[in-house]
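# Structure assessment
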Amino acid sequence: MSGDILFWGMFLLAAIVLMVVFGLPRKKKKNAGSEKFAIRSIPALEEFATRQGYAIESGTRLHLSAGTADMNTQSAAATLLAVTNMEVLARNAAASDRPVVATTGDGVTALLLQSRLHAVYQRLGLIEDYNPLLTQMTGPTPYSYAAGAMPLLHDEHISVNIVTGKLGIEGALLAEAGRRENAFFIGASTDPSGQAVLYPVSDQPLIGEEMFATRAILEPDQPASTASVKTQDVLRIVLCVTMLGGALLKLVGAL
Amino acid sequence: MKLSLSVIIAVLTGLFILAATFLPDLGWDAMQSRMVDWAVVLAGISLLIGIFNLLRSHWVRMGLNLPEKPEAEASQQEGARPTDKEPQAREAKPVKREKIIRHADSAVLLFGFVVAFIGGVILTPANNWYLQAVSSIQVPVESSLLAILSIVLLTIVFQFFQHHHDLMGFVFIGSVLVFLVLGSGLLHSMSEARWVKDVIAVLNEIPLAGTRGIVIGIALGSIVTALRQLLGFDRAYRE
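Residues numbered from 1 in each chain as written. Chains lettered and ligands numbered in written order. Predicted model: local features only at pLDDT ≥ 70, side-chain atom pairs only at ≥ 80, totals over all residues. Heavy atoms only, no water.

### Digging into the overall build of chain A
Test applied: Runs of H or I in DSSP of at least four residues are treated as helices and runs of E of at least two as strands, each being numbered from the N terminus. Burial here depends on accessible area, computed with a 1.4 Å probe over protein chains only, as a share of the maximum for the residue type. Under 20% is buried, over 50% is exposed, and the range in between is partly exposed.
When helices and strands are counted, chain A shows 10 helices and 5 strands. Scored against the burial criterion, the 255 residues of chain A give a buried share of 56%.

### A short note on the interface of chain A and chain B
Size of an interface, as often reported, equals the accessible area lost when the parts are brought together. The condition that has to hold: Contact between two residues is taken to exist if any of their heavy atoms lie within 4.5 Å; hydrogens are not considered. The salt bridge definition used is simple: a Lys or Arg side-chain nitrogen within 4 Å of an Asp or Glu carboxyl oxygen. What qualifies as a polar contact is a pair of N or O atoms within 3.5 Å, subject to a donor-acceptor requirement within protein and to the restriction that residues adjacent in sequence count only when both atoms come from side chains. Basically, the charged four are Asp, Glu, Lys and Arg, the nonpolar ten are Ala, Val, Leu, Ile, Met, Phe, Trp, Tyr, Cys and Pro, and anything else, Gly included, counts as polar.
In this complex, chain A contributes 72 residues to the contact, which on the side of chain B involves 61 residues. Counting the contacts that link chain A with chain B gives 2 salt bridges. Summed over the shared surface of chain A and chain B, the number is 5 residue pairs in polar contact (both at pLDDT 80 or more). Those elements giving two or more residues to the side of chain A that touches chain B turn out to be helix H1 (2-22), helix H4 (76-93), helix H5 (107-123), strand E3 (135-137), helix H6 (142-155), helix H7 (171-180), helix H8 (192-201) and helix H10 (223-251) of chain A. With 11 residues, H5 of chain A is the largest single contributor of residues to the side of chain A that touches chain B. Along the lines of polarity and charge, the residues of the side of chain A that touches chain B split into 36 nonpolar, 25 polar and 11 charged.

### A few points about the nonpolar core
All names here are of chain A. We apply this condition: Side-chain atoms within 4.5 Å link the members of a nonpolar core, which is a set of buried Ala, Val, Leu, Ile, Met, Phe, Trp, Tyr and Cys residues.
Ranked by size, the top nonpolar core spans 49 residues in total, and within it Phe48, Leu64, Met86, Leu89, Leu117 and Ile186 carry the most contacts. For this core, the element with the highest residue contribution is H4, accounting for 9 residues. Apart from the residues within four sequence positions on either side, methionine 86 is in contact with Leu64, Val100, Ala102, Leu113, Arg116 and Leu117. If you look at the next biggest cluster of nonpolar residues, it comprises 22 residues, including Ile158, Val163, Leu198 and Val201.

### Comments concerning the packing of H10 of chain A against helix H8 (residues 194-230) of chain B
Applicable threshold: Think of each axis as a best-fit line through the C-alpha atoms, taken over the contacting stretch in the case of a helix, with angles from 0 to 180 degrees between the N-to-C directions. Comment on the angle field: the value is read as roughly parallel under 35 degrees, roughly antiparallel over 145, roughly perpendicular from 65 to 115, and oblique elsewhere. Less than a right angle of anticlockwise turn of the near helix away from the far helix marks a crossing as left-handed, whereas a clockwise turn marks it as right-handed.
Running from amino to carboxyl end, H10 of chain A crosses H8 of chain B at an angle of 140°, the nearest separation of the two axes being 10 Å. Here H8 of chain B runs oblique to H10 of chain A, going by the angle between their axes. Considering how the two elements wind past one another, H10 of chain A and H8 of chain B form a crossing that is right-handed. Taking contact as the criterion, the partners of Ala224, Ser225, Ser228, Thr231, Gln232, Leu235, Arg236, Leu239 and Met243 of chain A in H10 of chain A are, on H8 of chain B, Ile216, Gly217, Leu220, Gly221, Val224 and Arg228 of chain B. Its residues placed into classes, the contact of H10 of chain A with H8 of chain B shows 7 nonpolar, 6 polar and 2 charged.

Now the structure itself:
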């Protein structure tokens with residue numbers, strides 16, 4: 001039984017890898033019909049992409065929260081996603097007077113954020129402008145993280161906020177602090193209770209897996225990001241059909 | 001895809017751990033658990049670095065002057081610039097107040113850390129008096145945050161309804177009201193009828209189904225993201 005599960009687990013992973021790799025649009029086809037590879041519309045992320053441009057132009061700052069999850073939990077993937085998102089945002093805003101600020105409640109994530117930010121500044125030849133305090137672990141527990149990040153939103157003149165990662169109900173405190181600064185806020189969490197809170201507080205609702213499309217929206221010319229979002233969509237449809245099929249078969253007594 | 005030594009090490013380590021998990025017959029369990037132990041030790045060290053970073057940021061915050069507000073924000077929040085004879089003095093007051101608040105915040109945090117650290121070193125964290133002292137500060141502070149959170153959540157619900165006069169707004173408010181009534185246990189005590197219990201059971205399944213749907217979506221996204229990291233398409237580490 002355990003062998004079967006392992007076999008199917010390996011099979012599923014191999015299938016996903018193949019979908020991601022072969023889902024990449026070929027160079028020749030890219031120009032011919034790029035709309036074929038366009039991902040579905042996600043209004044929250046599209047507005048976020050617009051707002052981050054405005055923030056850079058108006059000299060205000062972006063804040064990215066990578067949540068409070070440890071790297072050895074199931075939310076690690078969402079946290080890694082936040083790190084790569086921060087890299088894209090930092091690249092866009094590096095030359096502005098007020099570069100992106102990133103906060104987290106985990107030590108490993110703080111180091112990763114710092115390391116990626118340093119790499120971005122080094123690559124852009126702006127290493128003298130690099131400030132390690134742009135990425136901060138504001139507190140090691142969920143509430144201390146929120147309490148530490150709240151004043152930061154005021155002090156750093158944040159005008160755009162994004163939360164991607166694991167954040168519980170304390171996310172509402174962060175959103176409220178941002179709202180007092182008239183900051184645009186969107187957020188999605190891997191924690192269902194956090195997601196329930198982030199839905200009404202967001203200026204544009206962002207639900208669960210939509211956060212994994214952030215990079216594809218911010219960098220639409222990157223085929224690998226688009227391919228993974230499309231893979232996710234295909235897998236979701238396959239899963240829905242399988243679940244509904246299974247339920248129907250059980251209903252008619254075939255299972 | 002540009003390959004560097006760190007990318008190769010990260011990809012090979014990831015694939016090794018994955019293979020050891022899915023193929024236990026290979027006998028790589030001991031090495032896998034040792035590598036996971038290394039990761040746990042490194043995570044512990046990184047927490048210390050994170051705390052050091054936090055203290056450093058508060059130290060810097062105490063020493064730095066408050067930056068000027070950006071022009072766009074200043075004009076949006078303050079409207080027209082004051083035209084009387086002492087505009088600078090007027091603007092300086094709130095800035096000075098904010099500066100004092102910032103300094104006080106950071107000073108309290110640094111002072112609290114030093115006291116807790118020295119107390120922990122001298123008395124050890126297992127000491128009853130130390131535990132009581134820490135929890136008598138931590139528990140009221142967290143309770144206060146929870147109290148604030150409940151008010152914030154209440155205002156959020158009202159604001160959501162104010163701004164969303166569409167179907168989703170009504171669905172949201174409707175579900176809040178229905179589950180408030182259900183959660184209070186009022187219906188259970190009001191009626192013993194079988195159909196009422198059935199209706200309650202069906203209603204209670206709805207949030208569960210929604211949660212599962214969201215979690216499945218997140219799981220799919222996590223798998224794809226993790227594989228992208230594992231194969232080196234995305235790199236959250238230094239190249």
